[in-house]
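# Descriptive structure summary
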Amino acid sequence: MGKLSDSVLNGAYGDRMIRIAQMLKINYQVFRSPEDEEPDSLLLNQLVEEDPHITHIAMVHCETTSGILNPYREVAEIARRHDIIFMLDAMSSFGGIPLDMSGDQIDVLISSSNKCIQGVPGFGFVIARKNLMESSKNNARSHALDLFDQWKTMEEDQGKWRFTSPTHTVRAFYQALIELELEGGIAARHKRYCSNHRKLVEGMQNLGYSCFLHPSIQSPIITSFFYPSHTNFSFDQFYEGLKSHGFVIYPGKVTKASTFRIGNIGNVFTNDIERLLEAVANVQTIKS
């Protein structure tokens, strides 16, 4: 059996890949990087060259544990040079960050009906090379997750799902795709997300908060902020205060620092970020 190398495990969702591989009894190796650093492509290439049993490389594009945007093109190129299948978890980037599956040699891409598509949660989808789908027959370790069987059913039965379809979610997904096109496509949505992110970071910094990640590796999807150094900061109070103003943020997920996270994707615009910053100022627990 070949090995699955999770090439850029630098967050909780890379760890989740490993958990899935363990439960499905898939052999794997881990290429682990710090949560606040890009993976070292030279070291990854060395690992691949030293182990001829590696058949797939999987990675998370936008690791929302920290908000880092992992450099998938370099990893895809390593996979291409060594004739290895490259799988990209684009759960939190597809629809909001331009991707070129063919030009960038992405063999398999996984995403969902919500996140940057701005639909509602309910189903995941896979975009894959047709020859890979055809060769995956009888490889599934789970009936529910038999991708080949689902694909075959849809191909032969005019898009029919094998089991009860999430009709409302599919309809919402269709509407979300229409709205994406009306916005100007992925490039326009990416521009809006980047604008939201810049305004968020500038405003939070003016209020005394600093970012966990260096700007060069920060995604425009979600941002981790350090707790302020003042000892009287309480995340729970901060969270509840923002919630009372109509905003819900995320607790931190990085392991080596005390942080919280703020996302700015969805139907969010400049005025929404401005209102958030006003709310942060109103519930500010930092004292001079």
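Quick notes on the rules
Residues numbered from 1 in each chain as written. Predicted model: local features only at pLDDT ≥ 70, side-chain atom pairs only at ≥ 80, totals over all residues. Heavy atoms only, no water. Buried < 20%, exposed > 50% of the residue type's maximum accessible area, 1.4 Å probe, protein only. Helix = DSSP H or I, 4+ residues; strand = E, 2+ residues; numbered from the N terminus. Pairing = 2+ DSSP bridges. pLDDT = per-residue confidence, 0-100. Salt bridge = Lys/Arg side-chain N within 4 Å of Asp/Glu carboxyl O. Core = buried A, V, L, I, M, F, W, Y, C linked by side-chain atoms within 4.5 Å. Contact = heavy atoms within 4.5 Å. Polar contact = N/O pair within 3.5 Å; in protein donor to acceptor, adjacent residues only side chain to side chain.

### A short note on the pairing of strand 11 (residues 259–263)
A regular strand places its side chains so that they alternate between the two faces of the sheet. Burial analysis of strand 11 places four of its five residues in the buried class, which makes it a mostly covered element. Relative to strand 11, strand 9 (residues 222–226) runs antiparallel, the two being bridged by five bridges. Along strand 11, the bridge assignment pairs isoleucine 222 with glycine 263.

### Describing the confidence of the model for the chain
The predicted model of the chain averages 92 in pLDDT, with 95% of residues at 70 or higher. Mean pLDDT in the chain bottoms out at strand 1 (residues 3–9), which sits at 58, and peaks at helix 7 (residues 185–206), which reaches 98.

### Comments concerning the pattern of salt bridges
All chains considered together, the criterion is met by 11 salt bridges. A salt bridge links aspartate 149 to arginine 162; the shortest N-O distance between them is 3.1 Å. In this pair, aspartate 149 is assigned in helix 5 (residues 147–156) and arginine 162 in the loop between helix 5 and helix 6 (167–183), connecting sequence segments 13 residues apart. With relative accessibility at 24%, the residue aspartate 149 sits in the partly exposed group. For arginine 162, a relative accessible area of 15% gives the class buried. A single network of salt bridges, built from pairs that share partners, joins Glu77, Arg80 and Arg81.

### Points about the nonpolar core
If you look at the biggest cluster of nonpolar residues, it comprises 25 residues, and the most contacted ones within it are Val48, Ile57, Phe86, Leu88, Ile106 and Leu109. Broken down by secondary-structure element, the contributors of at least two residues to this core are helix 2 (41–50), strand 3 (54–60), helix 3 (72–81), strand 6 (85–89) and helix 6.

### Regarding helix 5
Here helix 5 has its buried residues at Phe148, Gln150 and Thr153. On its buried face, helix 5 sits against helix 4 (130–135). Of the residues flanking the start of helix 5, the one acting as N-cap is aspartate 146, its side-chain oxygen 3.3 Å from the backbone nitrogen of phenylalanine 148. Glutamine 158 occupies a position one or two residues after helix 5 and carries a positive phi of about 55 degrees.

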